[in-house]
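# Coordinate analysis (summary)
Listed below are the residues making up each chain.
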Amino acid sequence: MTVSVFDLFKLGIGPSSSHTMGPMTAAVRFLQHLGPALSRVVRVEVALYASLALTGRGHATDRAVILGLAGFSPSKLDPDEADRVVGEVRAARRLSLGGAHEIAFDETTDLKWEGRTRLPQHPNALKFTAFDAGDEAVAERIYFSIGGGFVRDQDEMGLNTRDEPGPPTPYPFDSGVELLEQATAADLTIAGLVRANEEAMRPRQALDDGLDAIIAAMYACIERGMRTDGILPGGLKVQRRAYQVHQSLMANADRSIADPLAALDWVNLWALAVNEENAAGGRVVTAPTNGAAGLLPAVLRFYDRFHQGTAEGRRNFLLTAAAIGALYKKNASISGAEVGCQGEVGVACSMAAAGIAAALGASNAQIENAAEIAMEHNLGLTCDPIGGLVQIPCIERNAMGAVKAIDAARLALLGDGQHSVSLDKVIATMKRTGEDMSAIYKETSLGGLAVNLAEC
Ligand code: SF4
């Protein structure tokens, strides 16, 4: 299948692509599945399983389900509007299905948190059942939120991503080897190859406008994060840091001349800003997930600010990063619930390393090397968010990942692209490591920092 740049970089809402955006999309799809039967529905029951149940409250899955059933999709939802809608549903215990048909909806009985019960296909599963006035089931459907906001229903779930039909493209690729071979044969950069594939699906102008809109949304998120102070929601009382760090960097601008690593303070700031916005339920771009949404914007901004970035360079950054993200999506996973944080911050780090390497003029072999280095040193990264919130370690982890991505690209640029471990090998290793990883480290908040904080 073709994984488009616009599949990986999507406008969405925080705090989680798999636990917020995915369930919201699943609810909208259930409404579509109901079709004309919607008018007969008097009650909807939603069951959340495994990771969705264990970290769903911290990841705002309950809010997402309400909003989806009310007909809102992540790309169009205004975060302020979301608060109002959820508040009204909770106060009235009534919900307008798809904004068109009012039913009773009591979260305490209609939302079932099924705890550790895991459906065999995927740890992020949710089942919707709609009932009529006689309490007969009108429809029942299971959906799986498989990471990055991607959703599959029970029929689609058996498909391997690589087997899914997709639009024809001139340079299809399923592995890093195929990507490099196709690019060499066509005498294209990786960004050029992805551009050719994308332009088979839409005109050049639409592609460039879309890429520029993604970049603008990423930068708008950075700006909002830098000017917003206060405590993040969720009960952990995590203080936003981006606001203070920004004030401090602005007040000490001279330091950037004396301190050779001052640029990293800015990279840290930009990543913190985005992930604090994400944690607050704000508007973000999946890259490739919400939990890892700050890493790519921070590295892209670093390229812009410290390497005099150009429009072409920024677009090439995203196109190249998308090629790498597609390889992980096809051959491993971008879901923390499936493979731990390797699949979120690890993949984002690999994508960003490739992106900035490309923007800085790296050869295709050096880009592949940069992506490989970045993942090699994220192997085994667990997902253990405290309180089930996308805050600790997630926010700071994006800053650390951004710096690592820049270093991976620099390391690759010092070489000629020759290296021992191929990107395909490291992706296979990441997948296997994720399979071997205990479930307590895969977005369940049953292990790691999530349970050991008190003893530390
Ligand atoms: S630890 Fe990583 S994978 Fe887990 S919620 Fe945070 S960012 Fe996502």
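Given the structure is predicted, the values throughout are model-derived calculations rather than measurements.

The next thing to look at is the overall build of the protein chain. Along the backbone of the protein chain there are 20 helices and nine strands. A compact globule built from 456 residues should have a C-alpha radius of gyration of about 23 Å, and the protein chain, at 22 Å, falls within 12% of that. Counting only C-alpha atoms, the protein chain reaches 70 × 50 × 45 Å along its principal axes. A burial count over the protein chain gives 53% of its 456 residues as buried.

The next thing to look at is the packing of helix H9 (residues 204-227) against helix H12 (residues 262-279). Relative to each other, H9 and H12 sit at 90 degrees, their axes nearing to 7 Å. Overall, the two elements H9 and H12 adopt an arrangement that is roughly perpendicular. On H12, the residues touching Cys221, Ile222, Arg224, Gly225 and Met226 of H9 are Leu269, Trp270, Ala273, Val274, Glu276 and Glu277.

With that settled, the discussion passes to the sheet that holds strand S7 (residues 137-147). Backbone hydrogen bonds are what pair the strands of a sheet, in a parallel or an antiparallel way. Taking strand neighbours across the sheet as the criterion, the five strands line up as S5-S2-S6-S7-S8 in an open arrangement whose pairing is mixed. The open sheet has two edge strands, strand S5 (111-113) and strand S8 (150-153), and neither has a second partner. Averaged over all adjacent pairs, the angle separating strand axes in this sheet is 20 degrees, with direction ignored. Bridge count between strand S2 (residues 43-49) and strand S6 (residues 124-131): seven bridges; the pairing is antiparallel. Paired with Ala47 across the strands is Lys127, a residue of S6. Each of S6, S7 and S8 is contacted by helix H2 (residues 17-34), which is oriented at about 150 degrees to S7, the strand it contacts most.

Once that is clear, we can look at the domain arrangement of the protein chain. Looking at the protein chain, the domain boundaries give domain 1 (17-153) and domain 2 (172-455). Of note, the centres of domain 1 and domain 2, computed from C-alpha atoms alone, are 29 Å apart. At the interface, 19 residues of domain 1 touch 25 residues of domain 2. The element best represented in the side of domain 1 that touches domain 2 is H2, accounting for four residues. Of the residues belonging to the side of domain 1 that touches domain 2, the class tally is six nonpolar, 12 polar and one charged.

This brings us to the site of the ligand. Near the ligand you find 13 residues, and of these Gly291, Gly336, Cys341, Cys383 and Cys394 are the closest. A class-by-class count of the residues in the shell around the ligand yields eight nonpolar, two polar and three charged.

Our next topic: helix H4 (residues 61-69). With eight of nine residues buried, H4 lies mostly within the body of the structure. Among the residues of H4, Thr61, Arg63, Ala64, Val65, Ile66, Leu67, Gly68 and Leu69 are the ones counted as buried. Gly71, located one to two residues past H4, shows a positive phi value of around 100 degrees.

Our focus in this paragraph is the nonpolar core. One finds Leu295, Val299, Ala352, Ala353, Ile356, Ala370 and Ala405 to be the most contacted residues of the largest nonpolar core, which totals 99 residues. For this core, the element with the most residues is helix H16 (residues 345-359), which contributes 12 residues. Not counting residues up to four positions away in its chain, the partners in contact with Ala370 are Ala353, Ala354, Ala357, Ala362, Ala408, Ala409 and Ala412.

Along the chain, Gly14 connects to Pro15 via a cis peptide bond; the corresponding omega equals 5 degrees. By the secondary structure assignment, Pro15 is in the loop between strand S1 (11-13) and H2. Put simply, Ala287 and Pro288 share a cis peptide bond, and its omega is -5 degrees. Turning to its location among the elements, Pro288 is positioned in the loop between strand S9 (283-285) and helix H13 (295-306).

The next thing to look at is helix H17 (residues 364-376). Here H17 is 13 residues long and its end C-alpha atoms lie 18 Å apart, about the 18 Å a rise of 1.5 Å per residue gives. With 11 of 13 residues buried, H17 is to be regarded as a mostly interior element. Each element contacted by the buried residues of H17 is listed here: helix H7 (176-186), helix H8 (190-199), helix H14 (311-331), H16, helix H18 (394-414) and helix H19 (423-436).

What follows is about the packing of helix H10 (residues 242-251) against H12. Look at H10 against H12: their axes get within 9 Å of each other, and the N-to-C directions meet at 150 degrees. One element, H10, and the other, H12, form an angle in the roughly antiparallel class. Note on packing geometry: the crossing formed by H10 with H12 is left-handed. Touching Ala242, Val245, His246 and Leu249 of H10 are Asp265, Trp266, Leu269, Leu272, Ala273 and Glu276, all from H12. Partitioned by chemical class, the residues of the contact of H10 with H12 number seven nonpolar, one polar and two charged.

What follows covers the pairing of S2. Regular strands place their side chains on alternate faces of the sheet. Direction of pairing for S2 relative to S5: parallel, over a ladder of three bridges. The residue of S5 that forms the bridge with Val46 is Leu111.

Right, let's get into the environment of Thr61. Within the fold, Thr61 resides in helix H4. Taking the C-alpha atoms as reference, Thr61 lies 8.0 Å from Met24; in sequence the two are 37 residues apart. Every residue in contact with Thr61, bar those within four places of it in the chain, is listed here: His19, Thr20, Pro23, Leu48, Leu52 and Gly56.

Here the focus is the environment of Phe150. One can find Phe150 in strand S8. A residue is classified by how many C-beta atoms lie within 10 Å of it, and Phe150, with 24 of them, is buried. Sequence spacing of Phe150 and Gly281 is 131 residues, and the spatial spacing of their C-alpha atoms is 18 Å.

Scoring rules and cut-offs
Residues numbered from 1 in each chain as written. Predicted model: local features only at pLDDT ≥ 70, side-chain atom pairs only at ≥ 80, totals over all residues. Helix = DSSP H or I, 4+ residues; strand = E, 2+ residues; numbered from the N terminus. Rg over C-alpha atoms; globule rule 2.2 N^0.38 Å. Buried ≥ 20, exposed ≤ 12 C-beta atoms within 10 Å, placed from the backbone. Axes fitted to C-alpha atoms, helices over the stretch in contact; angles between N-to-C directions. Parallel < 35°, antiparallel > 145°, perpendicular 65-115°, else oblique. Contact = placed C-beta atoms within 7 Å. Pairing = 2+ DSSP bridges. Domains from an automatic or database assignment. Nonpolar A, V, L, I, M, F, W, Y, C, P; charged D, E, K, R; others polar. Near = placed C-beta within 6 Å. Core = buried A, V, L, I, M, F, W, Y, C linked by C-beta atoms within 7 Å. Expected span 1.5 Å × (residues − 1). Left-handed = near helix turned anticlockwise from the far one by under 90°.

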